Amino acid sequence: MTIVSYNPPPLVKQWQQRALIVGAVFMVVLLVGFFMDRVQFFRSYLFAFSFWAGISVGSLALLMLQHLTGGGWGFVIRRVLEASTRTLPLVAILFVPVILGAHRIYPWTNAEEVAKSPVLSVKARFLNLPFFTVRAVIYFAVWLLLAYLLNRWSKLQDLTAELQHTKRMRILSGPGLVLLIFAVTFASVDWFMSLEPEWYSTIYGFIFVAGWALSALAFTIAAMSILSAEEPMSEIVAQSHFHDLGKLLLALVMLWTYFDFSQFLIIWSGNLPEEIHYYLPRMHGGWGAIALAVVVLHFAFPFLFLLSRSFKRNAGKLAIVATLVLLMRLIDLFWTIAPSFLHEHFHVSLLDVIAPIGMGGLWLAMFAWELSKRPLIPINDPQYESVLEQKHAHAEP
């Protein structure tokens, strides 16, 4: 069949409109929460930010990974990944309230708390708001520059079909991936681990690297399961592509689990007072129930389902698992962040629900807008013909 148009289907515009309406309404409600309880507002805001920022940054990591490795799986999801990375300017803007509300979030911004703790007194040279802000600017500068160059060269590849742009993207992706991992590691320490500044973990940053990449892939699979049913993606996406994406999803689930369990096992077996206090409140009551749910629904179920070859080749079933993983990523981030404020006391604020929906509506609206700006298929990419042949070779009679 001849592809009539490479432009995104009309449903992308529908996503944009609906997401913008939902985002605007919930952000207004969230703003009301700001005036009612500012401390809870900033706590919930940071939690929501940690999730949506992860999809943008994780998509950048996957984009560079696919440029390095090649393969049809990366070709078919490239436009989705690129659109996700182009939401990074919005993510940078959304981080501004975190800086403005830092005194209500981070204990190390309180001079009295610092004076009472010898550990915080030593860390004050690193944990102070001006330096914290400078480091955040550096992280976003790295991510935005990488996203800008990769998207610019991809657009030039569409326009000129010159191989030099393909080569540039591949050459940048190697060192770029290293820079991204360093930036995510330090950002996670600054933004999340410093919520409990007297505690530390050397593997904490890698948990976020794996977790954000996992969130991005789960979101991409869910989006692709819908797009693949419409032209032009229906003409190029094969079952084998979803099979490859399912294998990568399984690998990232196992990688995240390895990092997360390694941190728990090392700290629990060491049983040192300055380390074990991180897990003690998270293992009891409501927090303990969430921890069990994460073990079962974030690892066990996806792991078992994704072992099946036929399951991975079914776009609908794979999307269900991807959606489950995405939901559990949100819950796991809540389990990671909220106890830093509440400790043993288990509580879910209404703002903890409103903030992710409101911020997510804005993020999804911008994602859909960016996705609609370019053709869904990069036909001037060197892999185009081979991917098209792969589709026809696996076409069902």
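Residues numbered from 1 in each chain as written. Predicted model: local features only at pLDDT ≥ 70, side-chain atom pairs only at ≥ 80, totals over all residues. Heavy atoms only, no water.

1. Quick word on the nonpolar core
Burial of nonpolar side chains together is a common tendency in soluble globular proteins.
So, point 1. The biggest cluster of nonpolar side chains holds 129 residues, and the ones touching the most others in it are Tyr 106, Trp 143, Trp 191 and Leu 249.
So, point 2. Contact partners of Trp 143, with chain neighbours within four places excluded, come to Val 57, Leu 60, Leu 88, Leu 180, Ala 183, Val 184, Ala 187, Trp 191 and Trp 212. (Core = buried A, V, L, I, M, F, W, Y, C linked by side-chain atoms within 4.5 Å. Buried < 20%, exposed > 50% of the residue type's maximum accessible area, 1.4 Å probe, protein only. Contact = heavy atoms within 4.5 Å.)

2. Comments concerning the environment of Phe 42
So, point 1. Residue position: Phe 42 is located in helix H2 (residues 38-69).
So, point 2. Here the alpha-carbon distance between Phe 42 and Pro 356, two residues 314 residues apart in the chain, equals 12 Å.
So, point 3. The residues contacting Phe 42, other than those within four sequence positions of it, are Phe 34, Pro 97, Gly 101, Arg 104 and Ile 105. (Helix = DSSP H or I, 4+ residues; strand = E, 2+ residues; numbered from the N terminus.)

3. Quick notes on unusual backbone geometry
So, point 1. Backbone torsion omega between Glu 231 and Pro 232 reads 5°, so that peptide bond is classified as cis.
So, point 2. Checked against the element boundaries, Pro 232 lands in the loop between helix H9 (204-227) and helix H10 (239-270).
So, point 3. The residue Asn 271 is not glycine, and still its phi comes out positive at about 55°.
So, point 4. Positioned with a positive phi, His 343 is a non-glycine residue whose angle comes to about 60°.
So, point 5. Along the chain, the position of His 343 falls in the loop between helix H15 (339-342) and helix H16 (350-371).
So, point 6. His 343 sits in the partly exposed class, given a relative accessible area of 39%.

4. Quick look at the packing of helix H3 (residues 72-85) against helix H7 (residues 129-160)
So, point 1. At their nearest, the axes of H3 and H7 sit 10 Å apart, and the two run at 140° to each other. As the angle between them shows, H3 and H7 are arranged oblique. In this structure, H3 crosses over H7, and the sense of that crossing is left-handed. In this structure, H3 uses Arg 78, Arg 79, Glu 82 and Thr 85 to contact H7, whose residues at the interface are Ala 147, Asn 151, Ser 154, Gln 157 and Asp 158.
So, point 2. Here the residues of the contact of H3 with H7 sort into one nonpolar, four polar and four charged. (Axes fitted to C-alpha atoms, helices over the stretch in contact; angles between N-to-C directions. Parallel < 35°, antiparallel > 145°, perpendicular 65-115°, else oblique. Left-handed = near helix turned anticlockwise from the far one by under 90°. Nonpolar A, V, L, I, M, F, W, Y, C, P; charged D, E, K, R; others polar.)

That is the geometry; function is a separate question.
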